[in-house]
Amino acid sequence: MNSETIKTLDNFSKDKYKYGFVTEIDSIRSKKGLNEETIKFISKQKNEPEWMLSWRLDCYKKWLKMPQPEWANLKIPDIDFQDIYYYSAPKSFKKKPKDLNEVDPKLIETYNKLGIPLEEQKVLAGVAVDAVFDSVSVATTYKGELEKLGIVFCSISEAVKTHPELVKKYLGSVIPPGDHSYSALNSAVFTDGSFVYIPENVKCPMELSTYFRINAEETGQFERTLIIADKGSYVSYLEGCTAPQRDSNQLHAANVELIALENAEIKYSTVQNWYPGDDEGKGGIYNFVTKRGLCKGKNSKISWTQVETGSAITWKYPSCILKGDNSIGEFYSVAITNNFQQADTGTKMTHIGKNTRSKIISKGISLGKSQNTYRGNVSFLRKADKARNYTQCDSLLVGNQCGAHTVPYIDSKNNSAIVEHEASTSKINEDQLYYCRQRGLSHEEAVSLIVNGFCKQVLQELPMEFAVEAQKLVAISLEGSVG
Amino acid sequence: MIFLNINNLNVSIDGKKIIDNFNLNINQGEIHAIMGPNGSGKSTLANVLAGNEDYEIISGKIIFKDHNLLDLNIEERAKLGIFLAFQYPVEIPGVNITPFLHASLNSKLKNQKKEEIDSLSFAKLLRKKAEELSISSDMLKRSINTGFSGGEKKRYEILQMSVLNPEFTIFDETDSGLDVDALKIVTEGINKFKNKNNSYLIITHYQKLLDYIKPDFVHVMRNGKIVKSGNISLASEIEKSGYKNF
Amino acid sequence: MNFQENFNNHLKQYIFSNDNYLLKERQKIFNKINLNKFDKKNNESLKNISISDLSSFNYFYQPSKEKPTLEISEKNVYQINLVNGKCPDYKDENIEIRNILIKDIELFKSNNQKDTNDIVADLNLVFLNSGILIDVNQKSKIKICLNYKAEKDFTIFQHNFFNFFKNSEVIIEENFYLTENTINNIYYNINIEENSKIKHNIFQDFASSNKLLLTSNTTCAKKSSFSQNSYNFSKGFVRNFHNAKLNGVFSKASLKGCFLLKDDNVCSNKTHITHNAENCESDQKYKGILNNISKANYYSNTFVSKNAQKTEGYQLSKGILLSDKCSFFSKPELRIFADDVKCSHGSTIGPVDENSLYYLRSRGINKKQAMKMIISSFIKDDLIDLDKKNIDRINKNLTQYLSTI
């Protein structure tokens, strides 16, 4: 690599995080640490019914017995679970505001600053937003309009009270609390997140979106999202996240469950931009996420798209259980790591039903001193006749201080199923750089353009409103000045 | 103003000398052709003019529009008006020509302290130029050079040239890999774009290309230097008896 | 007999049992396995075989009446007929061959390549009862055939050291003549010096009551090349775990294999290539065909360390499943820490390609015949480098395998 390329890349490593501000607001917090009292406190703050509390306590007992998962390619410092606040909510939320007029203006301003206006007239047309601030949902827009179609879009805390039968039936049905220690932890202490129910044969007319913001210090965020698409329905859901810039690490441990019944389709997109730590590796969010979708009915479809640029450490494997015959699972991912970030992300496609199909497109870009791993599991069970998988993972290495790793697991127990897997790792092609620069583009512009092209297959899967943002985010993650 | 002057240029790659005491002068509006057998250093010359960093310039001077070219990097030379039509245009998956060329053109306009062009007008301009070269709008939607045939790639190069409007274009074996029909379309484009202000340097192995584009001067290159210069009759001589006499 | 009984009852019979270093190492490993102090879940050496399958057996090893022999049939072709892991001692201007001696204990101490989580390699050291050492001199151009014979019920734990000194060119061919109910756990250290070119062909075709577990660790110096091919037509359990380290610039390693399984055959494969120097090339490729209730796995790994710029590394794994009860697991891994690299891997698992079948059938070939043609071409792609005798041998095995489809 020539000296100019290295110079350009050096600049890239000095990335600036634009969402690092803190909102000064009075909060109610649980006592530090995790015990039954903490869980009772959370449940009480949320006015939960008894069944919910006892479910939480069961999960807590499971968690106590479970070991921390180990990852080959991640170096995770020991996390002191007694040194975290498990609940934090703005004081003004003692009672949930009925409409935006009752919401603390400071909060509305915070979201405006993040580019997420909550006043409906200012909201991007066609996007309904649920804004989660630390442990509580601040506001949900367009609720009324959605209600007319029978669509439920609210915070999970609210759904526990208003739709207990659905929550009871599906919560923990895709990710059993005993799956691993973080699924048990989340089930015990989850604070807020979104709940979506799309009734039979309804195509949700707008993008549903949740925006997660961690504000309070030393606070963990335990998001829980549950999306149920009933027979023949369709929904597209977006998730975005940011956090203030701090020297200490913070934990975000989410559980997301999707259920698609017969002929239903769920499209789930994430743009993850949690604070990644500074250029010396200090601070940043630990983003430990369990996301799983169940294609329960015939001909159902679940599609995950993610753009991962943030967090100090990420592990996350949005997965599909393809149970219904002819069901489809998709995973499109861009993961960019810079400085000292570590990411271990990928997917799991479990083919159970006949004629199930899955597709995995993963693009990893490693810069600085970061480590970026794709880990994926494709398995065909005995009865998955004529199932198919296509996987493509490409990694780009920029500089010789970082690492790019590809760890696929492929397991076939069916002789009519076909799996095809391709992967490649290389540096930015110097011939492409030369070509772009010969046409007058600067070195930086050329790199940004080529990397965006490299990610195109994934970015084009994002809903329109997000795609442009994501493209910019890719450019910003690379350096910060290309526009 | 000196348009292009190459003076005593010596270039090597991996310690091997490719260009040896090379001299050439091109004035505004002229068409020059350099012919030579494989390995004579023709393509190296094209890449050295464009600023490719793989080559080591041992000595010599290149003046272009009164600028010392060797002090400038690749994109600075491009902005100054040098365009290289590549022999093998590289595929850039996922990158569409419209934003790519729009950024190119604007960087050039900015350099000339001219007003930048907005995306709508640019899209119109691109479509118009594409039509002139019978490039379908479908082809404009594809990623740059990705999955193109040899002829399509070369037409794409000419399209980019006509949009960027360079004063000096180097055609590096533009005829290679083209059948007769494709060659006709490409050379028509090249001729259409020619005016009294821009100059061409055509690098080719065969004389065939020069049946379509008439050069003012023909040079024969061997072992890194020009061994003979003349007019178009030199090309017919090569066609008849090859390079062995040079 | 369980692991503990095997260990305690025969402790005095293992090779070099008086050596303190080995004793300590043996005890360390024994405790680790006996007390379950190792990572079981992600243990590649335990894929498709259980720890009790590996450690519970009737340890049996004793001096044999039959003597190992050496023939030089043609010039520079050395036929070495081993018996139960023992070789004859021999030396000429090209080669030195001998059984390992107590003085070779240093070689074990410096064997620092060992995968600490490989139970089969661990057991090799615990029960070690034989080993041979082959030195090939500088500039020698020879062929070595190692014919392993194991007598009925023998459990052979063998550690071999092959050294190829500078500028040598060697073909090593290994054949296994296993009788009945034998265990052959063979561990190799192969050291290839500058400019040497080594081809290593391993033929595995024996009866179902035997187990063959191979583990090799090869290091390649500057401008050397190592090319290994294993051909597995065995009916018993076969493990092929092969590692290579490219330590010198411009060195090359290729680890390839094919396997044809039927009935309840099991085969466990792993290749791992570490790039430690610039401008090296590597290739890893395993292909398998599975029928009935057979099982196979293939782990491949390309590891490129930080200073190994200009690396080219390729991996491929292909599996054809012929029955609805067989299974194939593959894990093609890339671990890259240098940026100027070209690395890739591909993996396909599925039935015989429908399009090829359709094409052949449209030319009038019946379905069964077409299947056979496709399968044999799948294997034959990789036979280019072999001599006629070996090609015939593979063809015979292939024909036999195809006749059961």
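As the structure is a prediction and not an experimental result, all values here were calculated from the model.

Enquirer: Looking at this structure, I do not really get the domain arrangement of chain C. What am I missing?
Expert: Accessible area lost on assembly of the parts is the figure often given for the size of an interface. Residue and element names in this part refer to chain C. Assigned domains within chain C: domain 1 (3-352) and domain 2 (353-405). For domain 1 and domain 2, the distance between their C-alpha centroids amounts to 28 Å. Across the boundary between the two partners, domain 1 contributes 24 residues, which contact 24 residues of domain 2. When domain 1 packs against domain 2, the two sides together hide about 2,200 Å² of surface, and 60% of this comes from carbon and sulfur. Sorting the residues of domain 1 by area buried against domain 2 places F233, K287 and V352 first, and these three jointly supply 28% of that buried surface. For the interface between domain 1 and domain 2, the tally reads three salt bridges. Residue R393 pairs with D205 through a salt bridge whose shortest N-O separation is 3.4 Å. Taken together, domain 1 and domain 2 are joined by ten residue pairs in polar contact (both at pLDDT 80 or more).

Enquirer: What is the right way to look at the sheet that holds strand β5 (residues 67-68) of chain B in this model?
Expert: Pairing between sheet strands relies on hydrogen bonds along the backbone, with the strands arranged either parallel or antiparallel. Residue and element names in this part refer to chain B. With respect to topology, four strands assemble into an open sheet ordered β2-β1-β4-β5, the strand pairing being antiparallel. In this open sheet, the two strands that pair with only one neighbour each are β2 (16-26) and β5. By the bridge criterion, seven bridges tie strand β1 (residues 4-13) to β2 in an arrangement that is antiparallel. The residue of β2 that forms the bridge with N5 is N25. Across the sheet, helix α1 (residues 42-50) lies against β1, β2 and β4 (56-64), angled at about 110° from β1, the strand it touches most.

Enquirer: Would you mind going over the sheet that holds strand β6 (residues 82-85) of chain B with me for this structure?
Expert: All names here are of chain B. Reading across the sheet, the six strands line up as β6-β9-β10-β3-β11-β12 and stay open at both edges, with mixed pairing between neighbours. The open sheet has two free edges, formed respectively by β6 and β12 (225-230), since each of these has just one partner strand. The sheet shows a mean angle of 20° between the axes of neighbouring strands, taken without regard to direction. Two strands pair when backbone bridges link them, and strand β3 (residues 31-35) and strand β11 (residues 217-222) are joined in this way by four bridges, in the parallel orientation. Looking across to β11, one finds that M35 is bridged to V220.

Enquirer: What is the right way to look at the packing of aromatic side chains in this model?
Expert: Each aromatic ring pair is described using two quantities: the centre-to-centre distance and the angle formed by the ring planes. Scanning the model with the defined rule gives 42 aromatic pairs over all chains in all. Judged by centre distance (5.2 Å) and plane angle (75°), the rings of W63 of chain A and F81 of chain A are edge-to-face. Of the two residues, W63 of chain A sits in helix α3 (residues 50-65) while F81 of chain A sits in the loop between α3 and β2 (88-90), which places them 18 residues apart along the sequence. Assigned by exposure class, W63 of chain A and F81 of chain A land together as buried. Ring centres of F81 of chain A and Y182 of chain A lie 6.1 Å apart, and the angle between their planes is 55°; this geometry places the pair in the tilted category. Placement of F81 of chain A in the loop between α3 and β2 and of Y182 of chain A in helix α8 (residues 181-189) is noted, with a sequence separation of 101 residues between them. Accessibility classification places F81 of chain A together with Y182 of chain A in one group, the buried group. Taking NZ or CZ as reference, K109 of chain C lies 5.0 Å from the ring centre of Y21 of chain C, over its face. Sitting over the face of the ring of F378 of chain C, K287 of chain C holds its NZ or CZ atom 5.0 Å from the ring centroid.

Enquirer: Looking at this model, I keep getting lost on unusual backbone geometry. Mind explaining?
Expert: In most cases, non-glycine residues show a negative phi, while peptide bonds are predominantly trans. You will see that N355 of chain A, though not glycine, has its phi angle at about 55°, which is positive. With respect to the element layout, N355 of chain A can be found in the loop between β17 (342-351) and β18 (357-366). The phi angle at N165 of chain B is positive, at roughly 55°, despite the residue not being glycine. Structurally, N165 of chain B can be placed in the loop between α6 (150-164) and β9 (168-172).

Rules behind the numbers
- Residues numbered from 1 in each chain as written.
- Chains lettered and ligands numbered in written order.
- Predicted model: local features only at pLDDT ≥ 70, side-chain atom pairs only at ≥ 80, totals over all residues.
- Heavy atoms only, no water.
- Domains from an automatic or database assignment.
- Contact = heavy atoms within 4.5 Å.
- Buried area = accessible area lost by both parts, 1.4 Å probe.
- Salt bridge = Lys/Arg side-chain N within 4 Å of Asp/Glu carboxyl O.
- Polar contact = N/O pair within 3.5 Å; in protein donor to acceptor, adjacent residues only side chain to side chain.
- Pairing = 2+ DSSP bridges.
- Helix = DSSP H or I, 4+ residues; strand = E, 2+ residues; numbered from the N terminus.
- Axes fitted to C-alpha atoms, helices over the stretch in contact; angles between N-to-C directions.
- Phe/Tyr/Trp six-rings, centres within 6.5 Å; stacked < 30°, edge-to-face > 60°.
- Buried < 20%, exposed > 50% of the residue type's maximum accessible area, 1.4 Å probe, protein only.
- Lys NZ or Arg CZ within 6 Å of the ring centre and 35° of its normal.

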